[in-house]
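Residue-level structural notes
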Amino acid sequence: MTDSLLSKAATMEIPINSNGDSRSAEDDSLEQGAQIGGILDEIVGTLPVAMDLQQVMVSGPNLNETSIVSGGYGGAAEGIIPTSSIKDIRSKSRGITPSQSAASRIANQPGNYPAPSMHHSNSNPSLMSEEATRGVAVEKFDTVKKWSINTYKCTKQMFSERFGRGTKTVDMELEAQIDVLRETKLKYERILRLARELTNHFYNMVQTQQALGDTFADLSQKSPELQDEFGYNAETQRLLCKNGETLLGAINFFVSSINTLVNKTMEDTLMTIKTYENARLEFDAYRSDLEELSAGPRDAATMMRIEMAQQQYQIQKDKYERLHSDVTIKLKFLEENKVKVMHKQLLLFHNAISAYFAGNQQQLEQTLRQFNVKLKPPGSDKPSWLEEQ
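Description of the structure in this document. (Residues numbered from 1 in each chain as written. Predicted model: local features only at pLDDT ≥ 70, side-chain atom pairs only at ≥ 80, totals over all residues. Heavy atoms only, no water.)

1. As for the overall build of the protein chain
- Along its length, the protein chain carries 11 helices and two strands.
- Moving toward the C terminus, one meets the helices and strands of the protein chain in the order α-α-α-β-β-α-α-α-α-α-α-α-α.
- Counting only residues that meet the buried cut, the protein chain has 26% of its 389 residues in that class.
- For the protein chain, long-range pairs separated by at least 24 residues make up 74% of all intrachain contacts whose partners lie at least 6 apart in sequence.
- Accessible surface for the protein chain amounts to roughly 27700 Å². Of this, 58% is attributable to carbon and sulfur atoms. (Helix = DSSP H or I, 4+ residues; strand = E, 2+ residues; numbered from the N terminus. Buried < 20%, exposed > 50% of the residue type's maximum accessible area, 1.4 Å probe, protein only. Contact = heavy atoms within 4.5 Å. Areas by Shrake-Rupley, 256 points an atom, 1.4 Å probe, with all protein chains shown as cover.)

2. Brief notes about the nonpolar core
- Within the largest apolar cluster, 43 residues are counted, with the highest numbers of intra-cluster contacts made by Leu181, Ile273, Tyr276 and Leu331.
- Going through the elements one at a time, helix H7 (172-222), helix H8 (227-295), helix H9 (300-358) and helix H10 (361-370) are the ones with two or more residues in this core.
- Element by element, the count of residues in this core is highest for H8, at 18 residues.
- Beyond its immediate sequence surroundings of up to four residues, Leu181 is in contact with Met266, Thr269, Leu270, Ile273, Leu331 and Leu334. (Core = buried A, V, L, I, M, F, W, Y, C linked by side-chain atoms within 4.5 Å.)

3. Some details on H9
- For H9, with 59 residues, the first-to-last C-alpha span of 86 Å sits near the 87 Å given by 1.5 Å per residue.
- Downstream of H9 by one or two residues, Gly359 has phi in the positive range, about 75°. (Expected span 1.5 Å × (residues − 1).)

4. A look at a nonpolar patch on the surface
- On the surface, Met158, Phe159 and Phe163 cluster together into a nonpolar patch covering about 300 Å² of accessible area.
- Judged by its relative accessible area of 35%, Met158 falls in the partly exposed class. (Patch = residues over 30% accessible without salt bridge, like charges linked within 9 Å, V, L, I, M, F, W, Y side chains within 5 Å. Salt bridge = Lys/Arg side-chain N within 4 Å of Asp/Glu carboxyl O.)

5. Some thoughts on the side chain of Gln209
- Checked against the element boundaries, Gln209 lands in helix H7.
- Every residue in contact with Gln209, bar those within four places of it in the chain, is listed here: Gln237, Leu240, Cys241 and Tyr356.

6. Re the packing of H9 against H10
- It is at 8 Å that the axes of H9 and H10 come closest, and there the two elements cross at 160°. Compared by their axis directions, H9 and H10 come out roughly antiparallel. Judged by the sense of rotation from one axis to the other, the crossing of H9 with H10 is left-handed. Judged by residue contacts, Leu348, Asn351, Ala352, Ala355 and Tyr356 of H9 engage Gln363, Leu364 and Thr367 from H10. (Axes fitted to C-alpha atoms, helices over the stretch in contact; angles between N-to-C directions. Parallel < 35°, antiparallel > 145°, perpendicular 65-115°, else oblique. Left-handed = near helix turned anticlockwise from the far one by under 90°.)

Structure below.
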């Protein structure tokens, strides 16, 4: 095939222009064709005969084998160089044998699939991590979706109740107990606030008595003519200061007990009541939803939605009944605990105040021992010398 191309190129007529110069731009294309023909001779010498026949027998151009036209002489078949030969030339320059380049072309043809990669096992951890991430994202999406639906239903039910269009599940007895608890908590908060104010004022009075007693004692030593009078008053103020510290211990114990009752015990019950009220709102929302679906048409899609609404209604009903029982039990125990605590604290407060203002030091100390009130030793509230540094 190469010899026929060369023979045709040798027998071509070379036109001469008007100036007698036989050189033209077309001669350069012929020289390039000759150079490419020489390269083709080298390629033909290296390729086996079977591959030459296979390339010749291929009918029609391929998407991977286009043509480059070098000149317009000798018809359409002259000067056409398949790009596959150029690819083989590049492969040869890179150290790739023609058989390897042909095998790569065969593998790249449509219908020929590449060999399985030997590194597919390395992508398994990444695939597993992607699947895990996708699963977490789907789970979060489902959570947000459920929360959105539940919030919409509860908001709709709340507005319906407020504007008088929706029905509300009400336990009259339990609601009355809840109202009483809230009013009681407000009154006990007032008692706690006043008791703290009394403690602050009485503490300032005790500190003033202590300072006054120290001043009387100092003047008793520096005023010989009034030594006895200053001495009596100093002793009285010191005694009042001591009894005042004892009374402060009783009042502080009273304040601490009331604070625990109001801000812990009652507050815990009110938090349970708040959870119960939210559950009641959700229960009424799903109940209203089920009633609306049941009043509509009964086709296949609606029956499926009714069944799902029935399941959600049952879940909310169980939650509502459980919290209803919890609130009832907590209110009962709170009432018993309140009566027990207040009976003890009110008796302590009365006996301590009466003994102090009656000047009965023994009865005051006996009252604190009776209610197991332990006084802090003098100076325990002061910071140590390490803390002052």
